[in-house]
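What follows is each chain in one-letter form.
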Amino acid sequence: MRVDFRSSSAGAVLSGPTPAGEESLDGLVGARPIENVVTMEDHDGAYHAWKQSGFQGRILLHIDSHMDWDWLREQDPLDLLHAQTLTELDAMLKERGRWTLSRRDRLEPVHIGNYIHPAIQEGIVREFYWVFPDVAIGTTGEPSGILRMLQKMMDVNPAGLKNLRVRHNRIELDIQGKRVTACSLSDLPPLPEPVLLDIDTDFLTAERTEYMGTGRSGSDRWRQLPWIWPEELLARLQAKGVRADFVTIAYSVEGGFTPLIYKYLGEELAARLTHPTIPEPHRTLWACKRMGAWYRHYHHLDRAIAEFEAAAAVVPDDASSRFNLAYLYDEQGAHERAAACYRDAVRLDPTYGTAYNNFGHTFQALSLLDRAQAEYRRILRWDPQHAEARLGLAETLAQREAWEEAQIQYHAILECRPDHPDANRELGRVYVERGLWEKAILQLKRAISLDPADGDTYGWLGDAYYAQDRWNEAMEAYQTSVRYGHRSVALYLRLGGLYLGKRALYKAWKQYRKGVRLAGRIMLVFLLTAARAVRQRFSQELHDGHGWHQGHQERAYSLADH
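Residues numbered from 1 in each chain as written. Predicted model: local features only at pLDDT ≥ 70, side-chain atom pairs only at ≥ 80, totals over all residues. Heavy atoms only, no water.

1. Let's talk about the overall build of the chain
Helix and strand counts for the chain come out as 23 helices and nine strands. Across the 562 residues of the chain, 48% fall into the buried class. Across the chain, the fraction of contacts at a sequence separation of at least 24, relative to all contacts at a separation of at least 6, is 66%. For the chain, the exposed area adds up to about 26700 Å²; of that, 52% sits on carbon and sulfur atoms. (Helix = DSSP H or I, 4+ residues; strand = E, 2+ residues; numbered from the N terminus. Buried < 20%, exposed > 50% of the residue type's maximum accessible area, 1.4 Å probe, protein only. Contact = heavy atoms within 4.5 Å. Areas by Shrake-Rupley, 256 points an atom, 1.4 Å probe, with all protein chains shown as cover.)

This is how it looks when you write it as structure tokens:
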């Protein structure tokens, strides 16, 4: 967690005494300086900031593409062993609907997906508003997708989420007896008091759909444009009369939520909240970067470069300008110039060396392997020692069953970082796929020593033992794999065969039954996912025919003037 408490003395000077008749402006977002603005990478830092500041009974205004309020899986099933009577055991089972099943959950109960839930439990938050992006509104004018998501959550956790209803385009429900309202900016109701304002930078960059080719950036994620810019967001909050005395802002680059090219939007939000009267040179800096992003979107690379070069000249220590220039020069084939800009960006801000400095992960998840490999190779041109980019490249090669090339990449990672857990594990898998059984066993045991709780590793180790007719060791590895959460049809079938070889007919039948059930569920999920994708693609194509380009272009040029 990286938390930067910004309590600026300059902000206090700017605020000064409140003029007569302007009391209503106190804390008004975008009108008065807010002294306490906290920035962080991981959004669960907001919970720790609220707790450290001693807040109780506050209204939370959470502006985010994601809900971030899953429940805490805090009850350990091993606690059931301490029940003294059947009555006590029955009471424990009725008291808790969710259980912690992994060591990781017990050690790290608060994470980026659930940090609001403990804030509600501990009384920090008494009422909660979640503002989702306008682009989440479907073609019907309603947030039907979000409503379905909440309905599914209620099905899984009926004791925690209750009274789901829709009123005036707002979704309302109760969590732990506290009211929660989910809506767009336009439908945000008046708030009676200063709030805890919590903003995720990915709110600004949310795409209309997660399916490539149907968003406005098409299949080229580098050309993505924010659907709303920082001053526009703050202006809309100000128009709603939102007042705040404490603000948390998450960058959310790690994990691929906010594109690194737009991390600076979080910094801009923080600066505008701290100093609503924006001084030069930052006004020019942001205007140049905005126009640079606009030109990049329409592939006017020379103009985009000119804008980002102007931004770098205005504020020479601005890392984001250098990073954006690295991509633009690379697209023009000026690879040495691109690498120099990248190194400057990382020198100015080491977070720009993250594994999420490219869209390789996105393309890889969507099986667009050529695009993913191009992204990973781009980073390796800039930094040949970048282990995570090389790992991504190796994984895409393995997905194409180019095992020998993948093996070379994994070896290159381990030469620099011998204890890299993923590279050790995946190299073991490559040995399995190539039939190098002894090497696979040694390598997978090495991976297990680095990460003893990875089910996939035990599964591949079982495959290596199985291929050598080492039945008992294979069975033990497969059982351990299942215990750590790995499930596959092939694993259940092999376990069934091993039990059958031991004449344990009932155990063999149980494994075969699990395999058949899993195969059925996989087929059902595949069919439902395919149907949903077709439906969303069709709806999006209908929606995209309503003149987004012209309206957004007019807004972008008008915003650049500010």
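2. Focus: the pattern of salt bridges
All chains considered together, the criterion is met by 29 salt bridges. The network of salt bridges with common partners includes D330, E331, E375, R378 and R381. (Salt bridge = Lys/Arg side-chain N within 4 Å of Asp/Glu carboxyl O.)

3. Topic: the pairing of strand β6 (residues 170-175)
Within β6, six of the six residues are buried, which leaves the element mostly enclosed by the surrounding structure. Because side chains alternate across β6, one face comprises the buried residues R170, E172 and D174, and the other comprises I171, L173 and I175, equally buried. As judged from the five bridges shared by strand β5 (residues 161-167) and β6, these two strands associate in the antiparallel manner. Bridged to R167 within β6 is R170. Linking two consecutive strands that pair antiparallel, namely β5 and β6, is a turn of two residues; a positive phi of about 50° is found at H168 within it. Counting the residues in the hairpin turn of β6 and strand β7 (residues 178-183) gives two residues, including Q176, whose phi is positive at 55°. (Pairing = 2+ DSSP bridges.)

4. As for the environment of T181
As for its placement among the helices and strands, T181 is situated in strand β7. On the basis of relative accessibility, which here comes to 2%, the residue T181 falls in the buried class. Once you skip the residues sitting within four places of it in the chain, T181 turns out to touch F128, Y129, W130, R170, I171 and E172.

5. Quick notes on the packing of aromatic side chains
Throughout the structure, instances matching the rule amount to 17 aromatic pairs. Consider the rings of W222 and F323, whose centres lie 6.3 Å apart with planes at 35°: the pair is tilted. With W222 in the loop between β8 (195-200) and α7 (230-239) and F323 in helix α11 (residues 319-331), this pair connects stretches of sequence that are 101 residues apart. Ring plane angle 75° and centroid distance 5.3 Å describe the contact between Y466 and W471, whose orientation is recorded as edge-to-face. Here Y466 falls in the partly exposed class, since its relative accessible area comes to 26%. Residue classification places W471 among the partly exposed positions, given a relative accessible area of 40%. Positioned over the ring face of Y251 is K263, at 5.0 Å from the centre of the ring. Between R494 and the ring centre of Y466, over which it is positioned, the NZ or CZ distance is 4.2 Å. (Phe/Tyr/Trp six-rings, centres within 6.5 Å; stacked < 30°, edge-to-face > 60°. Lys NZ or Arg CZ within 6 Å of the ring centre and 35° of its normal.)

6. Some remarks on helix α9 (residues 282-297)
Taking 1.5 Å per residue, 16 residues should reach 22 Å; α9 reaches 22 Å between its end C-alpha atoms and fits that length. One or two steps after α9, the chain reaches H299, where phi turns positive at roughly 60°. (Expected span 1.5 Å × (residues − 1).)

7. What about the confidence of the model for the chain?
Within the chain, residue pLDDT values average 83, and 79% of them lie at 70 or more. Long-range and interchain partners of residues 1-23, a stretch whose pLDDT sits below 50, account for 41 contacts in this model, where long-range means more than four residues apart. Here residues 210-216 is a poorly scored stretch, pLDDT under 50, and it has 26 contacts once near neighbours within four places are set aside; other chains count. (pLDDT = per-residue confidence, 0-100.)

8. Considerations on the nonpolar core
Among the nonpolar cores identified, the biggest contains 108 residues, and L61, L197 and L237 are the most heavily contacted of them. Aside from chain neighbours lying at most four places away, what touches L237 is V29, L61, I63, L185, L197 and V242. (Core = buried A, V, L, I, M, F, W, Y, C linked by side-chain atoms within 4.5 Å.)

9. Details of the environment of V29
If you trace the backbone, V29 turns up in the loop between α1 (9-15) and β2 (36-40). According to the relative accessible area criterion, V29 is buried, its value standing at 0%. Sequence-wise, V29 and A235 are 206 residues apart; in three dimensions their C-alpha atoms are separated by 7.9 Å. Those residues within four positions of V29 in sequence are excluded, and the remaining contacts are I34, L197, L234, L237, Q238, V242, R243, A244 and L273.

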